[in-house]
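Residue-level listing of the chains:
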Amino acid sequence: MNQENVSDTSRVMANAIRALSMDAVQKANSGHPGLPMGAADLATALFTQVLKFDAADPHWPDRDRFVLSAGHGSMLLYSLLYLLGYEDMTLDQIRNFRQLGSNTAGHPEYGHASGIETTTGPLGQGLANAVGMAIAERHLNARFGDDLVNHRTYVLAGDGCLMEGISQEAVALAGHLKLNRLIVLFDDNGISIDGKVSLADSTDQLARFAASGWAVTRVDGLSQSEVAAALTAAHASDRPSLIACKTIIGFGAPTKQGTAATHGSPLGPDEIAGARKALDWPYPPFEIPAAILKAWRAAGNRGKSERAAWQSRLAKHPRRAEFERAMSGRLPDGFAGAMAAYKQALAANPPAIATRNASQNALDVINVAVPDTLGGSADLTGSNNTKSKDMKPLTAGDYGGRYIHYGIREHGMAAAMNGMALHGGVIPYGGTFLCFTDYCRPSIRLAALMGIRVIFVMTHDSIGLGEDGPTHQPVEHMAALRVIPNLHVMRPCDAVETAECWEIALAAEKTPSVLALTRQKLKPARLTYSAKNLSALGAYELAPSAKKSKVVIFASGSEVEIAIDAKAKLDAAGIPARVVSVPSIDLFEKQGKAYKEKLLGAEKIRVAIEAGVRTTWDRFIGRDGIFIGMTGFGASAPAEKLYAHFGITAAAVVKAVKKKGK
């Protein structure tokens, strides 16, 4: 297999990618030259002949999306963006690859430069993100029509992406939904870090994808004409497409091509000199001949007329304002009023319900007021209560539905939701059990890193779920989530706080949220209407002391009612106490110093109650404070027996306070 005899211009255009990639990695003395050098031809075919985009308007809503799932090959993307004329990807950025402050991070990072559609690097995530993008495209097409939404999503994935378990979740979901505007280019070079892929894997990837309902084909990845023809054929498919492109990793490196030596290390000066000779590239590092750069810039402008035609259609479209609002991420004007009316109704008739049920009641209001929401669950709809009463499923036969049955694919669900948020025009939320955030965590972390609005509805949030036992009872999970930067972790105590937490999550355009919700019923704690969202403070005084308090009790979620009961018992015993509800520690830390100091107070006896581990609570009670919670795993039994067994009761609080006060 050799680079085909294409026109001199097309061949040299691909070699420009190879040269920039090997030179940038060499200058940084760090990086992955192999993938960009092997995949340069298939990328050239895609970007110069097929992809719909305009480098002058990188945020054009109806552009095709390109996801480099194999994010270690980032210099492929950076080279393309520079060559095509993206304004913020300059030659200086290429020279400063992997350097502090540059746009050209080791792996592509969303928001660092135009044309980077998602943050990739953890393998398989980009592929699953692309499934979400393809879902969003089909849904918005059903909502707004072909005139405004009619584009494709392309992915470049490597062997590593396809070995990761998340890939099967994503591939199966895409096949089931018949996302025929999703096309995956498999960089089939047969090499991973350890050496040949055959050391660890012998999967027939084409058969695997075909079994999941994909159209599959194999081409020579060094043949631009074969790749372009396969892409064109994929456009006619009624299923998602996998194009396995047989490539040679590090193509052009005279002694290292086709080996793991080119995967994750600079080629070295001698090998680069040999590659220049083999590729007939006599130019110095970072120099692109004017004619080749001109050809690339022409490719970058190829979509200009198509974009102009789209803008003309948008200008005349009767739903232009609604489309632009949805794509901007702004909530509808009526949302605030709808939520205020709902919270007033709650105050008038406070319900004693589980917060998962309170969440569903809130969604009955939200999903009418906000048509952009796309809900779902990983096969736990009846448990997560994520489907509001008027929602219809999104299916291969009706992409206009707003509820996705993800199946038992928690990780794939979370990553797909990230892709939906990145695409724009929709606000995704999805549910599973809180303990299964372990399955979702890589995608939750990436949502936080990218700063995108994704809402993770996590129910059955403690030992309060009862008989399913310690395999399903979260103990360390709240603490583990709270340490992720830029993630709202919210554990409401009743229906009012649940509604407030939904308001916070929906308003947070650059921060994902986790809602931790109970299985068991809770007594209402907020009995009067407040126009102010108190949960947005992170922590607030829920039950003040009539006298100067000697004890302050902090609690979240289902343990707030225990705190209120304990306060009543302490007050009756002549020990004045106050209760602080803490729905979100991270939001509390964002408040001003004066507010935090006043709320924390100076009481010497300080108590925190949460049916989880102590980690993160010393911020409120100090190292010598009283913590009423879990020190190990749970057990299988009814919830009320478990709370008594583990000593998470009002009586235990009173006993500990009295002991501390002696």
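Look above for the structure.
A few points on the structure. (Residues numbered from 1 in each chain as written. Predicted model: local features only at pLDDT ≥ 70, side-chain atom pairs only at ≥ 80, totals over all residues. Heavy atoms only, no water.)

### A look at the pairing of strand 15 (residues 551–555)
- Where burial is concerned, most of strand 15 is hidden: five out of the five residues are buried.
- Side-chain alternation along strand 15 places V551, I553 and A555 on one buried face and V552 and F554 on a second face that is also buried.
- Sheet topology places strand 15 next to strand 16 (residues 577–581); five bridges connect them, and they run parallel. Looking at the pairing, I553 lines up with V579 of strand 16.
- For the handedness criterion, the β-α-β arrangement of strand 15, helix 21 (residues 560–572) and strand 16 is classed as right-handed. (Buried < 20%, exposed > 50% of the residue type's maximum accessible area, 1.4 Å probe, protein only. Helix = DSSP H or I, 4+ residues; strand = E, 2+ residues; numbered from the N terminus. Pairing = 2+ DSSP bridges. Right-handed = clockwise from strand over helix to strand, strands pointing away.)

### Let's talk about helix 12 (residues 304–316)
- Between its first and last C-alpha, helix 12 extends 19 Å over 13 residues, near the 18 Å set by a 1.5 Å rise per residue.
- Buried residues belonging to helix 12 abut helix 13 (320–328). (Expected span 1.5 Å × (residues − 1). Contact = heavy atoms within 4.5 Å.)

### Side note on the packing of aromatic side chains
- Summed over all chains, the structure comprises 15 aromatic pairs.
- Counting every residue linked through ring pairs, the aromatic cluster contains F47, F53, F66 and Y86.
- The lysine or arginine in question, R297, covers the ring of Y82, its NZ or CZ lying 5.2 Å from the ring centre. (Phe/Tyr/Trp six-rings, centres within 6.5 Å; stacked < 30°, edge-to-face > 60°. Lys NZ or Arg CZ within 6 Å of the ring centre and 35° of its normal.)

### Focus on the sheet that holds strand 11 (residues 455–459)
- Spatial ordering of the open sheet is given by 9-8-10-11-13-12, a layout of six strands whose pairing is parallel. Two strands bound the open sheet, and with one partner strand each, they are strand 9 (403–405) and strand 12 (488–490). Geometrically, the sheet is characterised by an average inter-axis angle of 20° between neighbouring strands, direction not taken into account.
- Relative to strand 10 (residues 427–433), strand 8 (residues 373–377) is paired through three bridges, and the arrangement is parallel. Paired with S377 across the two strands is G431, which belongs to strand 10. (Axes fitted to C-alpha atoms, helices over the stretch in contact; angles between N-to-C directions.)

### Some points on the pattern of salt bridges
- One pass over the structure, following the stated rule, counts 32 salt bridges.
- The partner of R95 in a salt bridge is D92, with the nearest N and O atoms 2.9 Å apart. Taken together, the residues R95 and D92, both in helix 4 (residues 91–95) and three residues apart, mark about one turn of the helix. (Salt bridge = Lys/Arg side-chain N within 4 Å of Asp/Glu carboxyl O.)

### Observations concerning the environment of V457
- For V457, the position within the fold is in strand 11.
- The exposure class assigned to V457 is buried, which follows from its relative accessible area of 0%.
- Once residues lying within four places of it in the same chain are set aside, the contact partners of V457 are S359, N384, T386, Y429, G430, G431, T432, W502, L515 and L517.

### Quick word on the layout of surface pockets
- The calculated volume of the largest pocket comes to roughly 750 Å³.
- Around the largest pocket, the lining is made up of 30 residues, and of these Y110, M327, A421, L422 and G424 lie nearest the centre.
- Among the secondary structure elements, those contributing two or more residues to the lining of the largest pocket are helix 13 and helix 17 (410–423).
- When the residues that make up the lining of the largest pocket are grouped by side-chain class, the tally is 13 nonpolar, 10 polar and seven charged. (1 Å grid on protein atoms, 1.4 Å probe; cavity = no way out; pocket = protein on both sides within 12 Å on 5 of 7 lines; lining within 4 Å. Points joined across faces, edges and corners; volume = space filled by probe spheres on them. Nonpolar A, V, L, I, M, F, W, Y, C, P; charged D, E, K, R; others polar.)

### Side note on the sheet that holds strand 16
- The strand order across the open sheet built from five strands is 14-16-15-17-18, with neighbouring strands paired in mixed fashion. Taken across any chain shown, the strands that pair with only one partner, and hence form the sheet edges, are strand 14 (540–543) and strand 18 (626–628). The sheet shows a mean angle of 30° between the axes of neighbouring strands, taken without regard to direction.
- Across five bridges, the pairing between strand 15 and strand 17 (residues 605–609) is parallel. Looking across to strand 17, one finds that V551 is bridged to I605.

### What to know about empty space enclosed by the protein
- The full count for this structure, using the stated rule, is four cavities of 30 Å³ or more.
- One number sums up the size of the largest cavity: a volume of about 100 Å³.
- The wall of the largest cavity is formed by F47, L51, F53, P58, R63, D64, F66, L77, L81, Y86, G115 and E117.
- Taken together, the residues that form the lining of the largest cavity break down as eight nonpolar, one polar and three charged.
- Put simply, the second largest cavity is a space of about 50 Å³.
- Lining of the second largest cavity is provided by D461, S462, P474, V475, H477, M478, R491, E610, A611 and G612.
- Among the residues forming the lining of the second largest cavity, the class breakdown is four nonpolar, three polar and three charged.

### A few points about the packing of helix 14 (residues 335–348) against helix 20 (residues 495–507)
- Packing of helix 14 against helix 20 leaves a shortest axis separation of 9 Å and a crossing angle of 170°. Of the possible angle classes, the one that applies to helix 14 and helix 20 is roughly antiparallel. Two secondary-structure elements touch here, helix 14 through F335, M339, Y342, K343 and L346 and helix 20 through A495, V496, A499, E500, E503 and L506. (Parallel < 35°, antiparallel > 145°, perpendicular 65-115°, else oblique.)

### Concerning the side chain of K52
- Among the structural elements, K52 can be located in the loop between helix 2 (34–50) and strand 1 (65–68).
- Given the relative accessible area of 11%, K52 is considered buried.
- Of the polar contacts made by the side chain of K52, one reaches the backbone oxygen of N150; its length is 2.9 Å.
- Non-local contacts of K52, meaning those with residues more than four positions away in its chain, are made with W60, D62, R63, D64, N150, H151 and E306. (Polar contact = N/O pair within 3.5 Å; in protein donor to acceptor, adjacent residues only side chain to side chain.)

### Thoughts on the environment of R302
- Position of R302 among the secondary structure elements: in the loop between helix 11 (290–300) and helix 12.
- Taking the relative accessible area as the measure of exposure, R302 reaches 33% and is therefore partly exposed.
- Between the C-alpha atoms of R302 and D270, which are 32 residues apart in sequence, the distance is 38 Å.
- Once residues lying within four places of it in the same chain are set aside, the contact partners of R302 are L46, F47, T48, Q49, V50, L51 and F53.
- Of the polar contacts made by the side chain of R302, one reaches the backbone oxygen of T48; its length is 3.1 Å.

### Regarding the pairing of strand 16
- Counting buried positions over the five residues of strand 16 gives five, a clear majority of the element.
- Here strand 16 shows no split at all, with A577, V579 and S581 on one side and R578 and V580 on the other all buried.
- With three bridges joining them, strand 14 and strand 16 adopt antiparallel strand pairing. If you follow E541 over to strand 16, its bridge partner there is V580.

### With respect to unusual backbone geometry
- Backbone geometry at N385 places phi at a positive 60°, although glycine is not the residue there.
- Relative to the helices and strands, N385 is located in the loop between helix 16 (381–384) and strand 9.
- Phi is positive for T616, which is not a glycine, with a value near 90°.
- Within the secondary structure layout, T616 lies in the loop between strand 17 and helix 24 (618–621).

### Some details on the nonpolar core
- In terms of nonpolar packing, the biggest core is built from 133 residues, with I94 and W296 touching the most fellow members.
- With sequence-adjacent residues up to four places away left out, I94 is seen in contact with L20, A24, M75, Y78, S79, Y82, M89, T104 and F286.
- Core analysis: the next-biggest nonpolar cluster, separate from the first, contains 35 residues, V475, A611, I628 and M630 among them. (Core = buried A, V, L, I, M, F, W, Y, C linked by side-chain atoms within 4.5 Å.)

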